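So you can see what is in the structure, the chains are spelled out below.
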Amino acid sequence: MTNVTLDIHKFPCLNDNYGYLVHEAWSGQTAAIDTPDAEKYLSEADRMGWTISHILNTHWHPDHAGGNLRIKEHTGCTIYGPAGEAGKIPGIDVALSEGDTVELGRATAQILDVPGHTIGHIAYHLPEQATAFVGDAVFALGCGRVFEGTMDMMWNSLSKLKSLPPETLLYCAHEYTQANARFAVTVDPDNAALTDYARWIDERRAEGLPTVPTRLDKELATNPFLRADDPALQAAMGHAGDAVATFAEIRTRKDRF
Ligand code: ZN
Ligand code: FE
């Protein structure tokens, strides 16, 4: 078994997106995870001494795929994206869905279909690195708004992410954590792990520090959107025994919060 080294370079983009560049040292290949801002990605790659060889899109929204064509024009990279919305991914070369894999040098990403926020949204899971790039499917203490899919579909997608190994690092696409925490404590006020996490988030943000990536095990204990199958939370939301209705209730409250 070979030792695969991935360097993940994270940088802020637009108002509250994160940019990620993933570099595989053996091959020298570099993947851009989504493309909120082409110029920022190109200059950050330059600064690292890396050349973008892959774009891995999670979904079609412009703050995720808007920089595709400019980066491809500049680097000749290959663009991978969701098969379920391939027609809306600028410059797409390879359409991916559940069970497909993408190679970045010696590293392998497995594709998970996680629809709901958009109808074709995918996540990139690298099991050997215990890492997943989840776009707008799940956030630290939150999840994406359900724009194109149904509540049922989104809960299924979150359930799939819940079943990844608990040590998995979740690289979500936005720094929404502090606002998510303010909401989370209103639906799950007696959760001590959540209260501690919310305090840590306030400290980090007061210093201008990121809260992403987050670890799945921490989210499983605190993220109300991932806890819709928890009997106490179901009862508190008035939907005992019904995870989908509980999820829908929490999502709807957050939309109005
Ligand atoms: Zn989005
Ligand atoms: Fe987004």
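Just so it is clear, the model here is predicted, and its values are computed rather than measured.

**Student:** For this particular structure, what's the right way to read the coordination of the zinc ion (ligand 1)?
**Tutor:** For a metal with four donors in a tetrahedral arrangement, the ideal angle between donors is 109.5 degrees, while six donors in an octahedron ideally sit at 90 or 180 degrees. Each protein donor to the zinc ion (ligand 1) is listed here as His-59 (NE2), His-61 (ND1), His-117 (NE2) and Asp-136 (OD); together their distances run 2.2 to 2.3 Å. The site at the zinc ion (ligand 1) holds four donor atoms, and with the angles between them running 89 to 168°, its shape is irregular. In the primary sequence, the donor residues of the zinc ion (ligand 1) line up as H-x1-H-x55-H-x18-D. Here the zinc ion (ligand 1) and the iron ion (ligand 2) are spaced 3.4 Å apart, linked through Asp-136, which binds each one. One end of the pair, His-59, is in the loop between strand 4 (54–56) and helix 2 (62–65); the other, Asp-136, is in the loop between strand 10 (131–135) and strand 11 (138–139), and 77 residues separate them in sequence.

**Student:** Even after reading the chapter, I still don't get the nonpolar core, so can you show me in this structure?
**Tutor:** Generally speaking, a soluble globular protein has its nonpolar side chains buried in company with each other. Among the nonpolar cores identified, the biggest contains 49 residues, and Tyr-124, Phe-133, Val-134, Leu-158, Leu-161 and Phe-247 are the most heavily contacted of them. Dropping the residues within four chain positions of it, Leu-158 is found in contact with Ala-137, Val-138, Cys-143, Phe-225, Leu-226 and Phe-247. Core analysis: the second largest hydrophobic core is formed by 15 residues, Cys-13, Tyr-41, Ile-52 and Ile-71 among them.

**Student:** Honestly, the pattern of salt bridges in this entry has me stumped. Any pointers?
**Tutor:** Under the criterion given, the structure shown has 14 salt bridges. Note that Lys-72 and Asp-93 form a salt bridge whose closest N and O atoms lie 3.0 Å from each other. Remark: Asp-93 occurs in the loop between strand 5 (78–82) and strand 6 (94–96) and Lys-72 occurs in helix 3 (residues 68–75); sequence separation between them is 21 residues. The exposure class assigned to Lys-72 is partly exposed, which follows from its relative accessible area of 24%. Taking the shortest distance from any N to any O, the salt bridge between Asp-196 and Arg-199 comes out at 3.5 Å. Taken together, the positions of Asp-196 and Arg-199, both in helix 6 (residues 192–206) and three residues apart, correspond to about one turn of that helix. Three or more residues joined by partner-sharing salt bridges are found here, namely Glu-39, Arg-70 and Glu-73.

Reading the values: rules and limits
Residues numbered from 1 in each chain as written. Chains lettered and ligands numbered in written order. Predicted model: local features only at pLDDT ≥ 70, side-chain atom pairs only at ≥ 80, totals over all residues. Heavy atoms only, no water. Donors = N, O, S within 2.8 Å, 3.2 Å for Na, K, Ca; no water. Tetrahedral: all angles 85-135°; square planar, octahedral: opposite > 155°, others 65-115°. Helix = DSSP H or I, 4+ residues; strand = E, 2+ residues; numbered from the N terminus. Core = buried A, V, L, I, M, F, W, Y, C linked by side-chain atoms within 4.5 Å. Buried < 20%, exposed > 50% of the residue type's maximum accessible area, 1.4 Å probe, protein only. Contact = heavy atoms within 4.5 Å. Salt bridge = Lys/Arg side-chain N within 4 Å of Asp/Glu carboxyl O.

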